[in-house]
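Next come the chains, spelled out residue by residue.
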Amino acid sequence: MKMRKIAAGLCAALSLGAAASSAQAQEVVLKVAHFLPPVTPMHAQVIVPWCDRIETQSQGRMKCQIYPAMQLGGTPPQLLNQVRDGVADIVWTLPGYTPGRFPLSEVFELPFISTTHEATARALWDFVEKHGAKEFEGVKPIATWTNGPNVLNLRDRRVDTLEDFKGMKVRAPSRLGNKMLTALGATAVGMPVPQMTEALSKGVIEAGLVAWEVVPATKTHELTRFHLESGGGRAMTTATMIYVMNQKKYDSLPADLKKVIDDNSGRETSAWVAAEHLKADTVGRNAAAARGNTIYQLSPAESVRWEAAAAPVTAEWVRETSEKGVDGRKLYEEARALVDKYSQ
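Chains are numbered independently. Their residues run from 1 in the order of the written sequence. Local features in this predicted model are restricted to residues whose pLDDT is 70 or higher, and side-chain atom pairs enter the listing and the counts only when it is 80 or higher, whereas totals over whole chains, interfaces and linings include all residues. Note: side-chain values were computed over all heavy atoms of the structure, leaving out hydrogens and water.

Turning our eyes to something else, we now look at the sheet that holds strand S11 (residues 294-297). For two strands to pair, DSSP has to find at least two bridges joining them. To qualify as a helix, a DSSP run of H or I must reach at least 4 residues; to qualify as a strand, a run of E must reach at least 2; elements of each kind are numbered from the N terminus. The six strands are arranged S7-S6-S8-S5-S9-S11 in an open sheet whose pairing can be described as mixed. Each edge of the open sheet is held by one strand with a lone partner, namely strand S7 (187-190) and S11. Geometrically, the sheet is characterised by an average inter-axis angle of 25° between neighbouring strands, direction not taken into account. Taken together, the three bridges between strand S5 (residues 151-154) and strand S9 (residues 226-229) define a ladder with antiparallel strand orientation. Paired with Leu 154 across the two strands is Phe 226, which belongs to S9. Contacts: residue pairs with any heavy atoms within 4.5 Å of one another. To obtain an axis, a line is fitted to C-alpha atoms, over the contacting stretch when the element is a helix, and the angle between two such axes runs from 0 to 180 degrees between their N-to-C directions. Against the sheet, helix H7 (residues 193-201) engages strand S6 (169-172) and strand S8 (207-210), with an angle of about 160° to S8.

Next up, the structure:
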């Protein structure tokens, strides 16, 4: 009897040890990387709350270790490779930093296609779900969206007409943003957001095309005096953004932790991120107004001129995409229809 009790005790101890070991094995720490400082809205109002949510919903079995400002090394354009290679488990990045890697979904960066933050985010998610398998190979999309309408932040002079804009050196967020600036007569200068502050302060560029949200963190409102917003309900341009997870890391999770990720991914998660961008845009716009900077819009007639001048960028994208064996016109019309659908 005594031996049986001892054996039972040993079995119970082994069982408890195995259970503890199993629980420990299922504890997951996700390395989340991005390129901006932790004071920025995207870090504080999106990534941190998202990480808190998955920790709570997983009952502490899945947590994030966040690496802002490229703390894992490298440069912003390398984030996509970092998540595909497993250096990071999840990254927030801009496809525009790696031109040519997202040839279909970049349709949302074409001039005057996007409308409101949430509508465009939902449209982009649907588009990626249907057409993004090859572009997102090796990663699992968690959210896809565009930032707010990009604003032309001007150092020391207004731009009211295309003629005023001619030859001006302007930072753009993407390949198509550069093309649009060129079509409008400006001199496009491509660079990631973190480099824009120094470029503005030294006069390397005369303006920066960015969304309102990044204005405070980059001190753009302190380095510029005029802010031109596009009118007409559609943005001059936007930048697509993605929050993606290494596919192998996701596949390695137990089913219940996969469900936590899935419950915090998708169209509505994308719209939530976009809504946070809208809040941050309001803060940035208010910061510029508080300094007494001039915020204005193109006249309706001039807006028509700018849209017409930028139209060849869309035509070129359609042609280039079609030359790769895809119906570029159909993709463009589908993207625009999705935006219109969610804008109603």
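Picking up after the structure, the text goes on.
Whenever Lys or Arg places a side-chain nitrogen within 4 Å of a carboxyl oxygen from Asp or Glu, that contact is recorded as a salt bridge. Inspection of the entire model under this criterion finds 18 salt bridges. Here Glu 334 and Lys 130 are joined by a salt bridge, their closest N and O atoms 3.4 Å apart. In this pair, Glu 334 sits in helix H14 (residues 328-343) while Lys 130 sits in helix H4 (residues 117-131), placing the two residues 204 residues apart along the sequence. Each residue is placed in one exposure class: buried if its accessible area under a 1.4 Å probe, protein chains only, is under 20% of its type's maximum, exposed if it is over 50%, and partly exposed if it falls in between. By relative accessible area, which is 58% here, Lys 130 ends up exposed. Of the charged contacts in the structure, one is a salt bridge between Lys 279 and Glu 276, with a shortest N-O distance of 3.1 Å. Separated by three residues within a single helix, Lys 279 and Glu 276 lie in helix H12 (residues 267-290), roughly one turn from each other. Residues participating in the shared-partner salt-bridge network are Glu 106, Arg 175 and Glu 320.

So, on to the sheet that holds strand S2 (residues 62-67). Strands sit in the order S2-S1-S3-S10-S4 across an open sheet of five strands; the sheet is mixed. Looking at which strands have only one partner, the edges of the open sheet turn out to be S2 and strand S4 (139-146). Between one strand and the next, the sheet's axes are offset by a mean angle of 20°, whatever the strand orientation. Pairing analysis gives two bridges linking strand S1 (residues 28-33) to strand S3 (residues 90-93), with the strands arranged parallel. In the sheet register, Val 32 faces S3, and the bridge partner there is Ile 90. Across the face of the sheet, H4 comes into contact with S4 and strand S10 (240-246) while running at roughly 145° to S4.

Let us look at the layout of surface pockets. Gaps left between atoms are located by rolling a probe of water-molecule size over the structure's atoms. Two kinds of site are reported from a 1 Å grid over the protein atoms alone, namely cavities, where a 1.4 Å probe fits but cannot get out, and pockets, open sets with protein on both sides within 12 Å along at least five of seven lines, and residues are called lining when an atom falls within 4 Å of a point. Grid points are joined across faces, edges and corners, and a volume is the space filled by probe spheres set on the points. One number sums up the size of the largest pocket: a volume of about 280 Å³. Forming the walls of the largest pocket are 16 residues, and the residues nearest its centre are Thr 115, His 117, Pro 149, Glu 229 and Ser 230. The dominant element in the lining of the largest pocket, judged by the number of residues it contributes, is H12, at three residues. Looking at the lining of the largest pocket residue by residue, the class counts come to five nonpolar, seven polar and four charged. What the second largest pocket holds in volume is close to 180 Å³. Each residue gets one label: Ala, Val, Leu, Ile, Met, Phe, Trp, Tyr, Cys and Pro are nonpolar, Asp, Glu, Lys and Arg are charged, and the others, such as Gly, are polar. A per-class count over the lining of the second largest pocket returns three nonpolar, two polar and four charged.

What follows is about empty space enclosed by the protein. Tallying each qualifying case throughout the model produces four cavities of 30 Å³ or more. Empty space within the second largest cavity amounts to approximately 70 Å³. Forming the walls of the second largest cavity are 13 residues, and the residues nearest its centre are Pro 95, Gly 96, Phe 102, Glu 106 and Glu 109. Looking at side-chain class alone, the lining of the second largest cavity contains three nonpolar, six polar and four charged residues.

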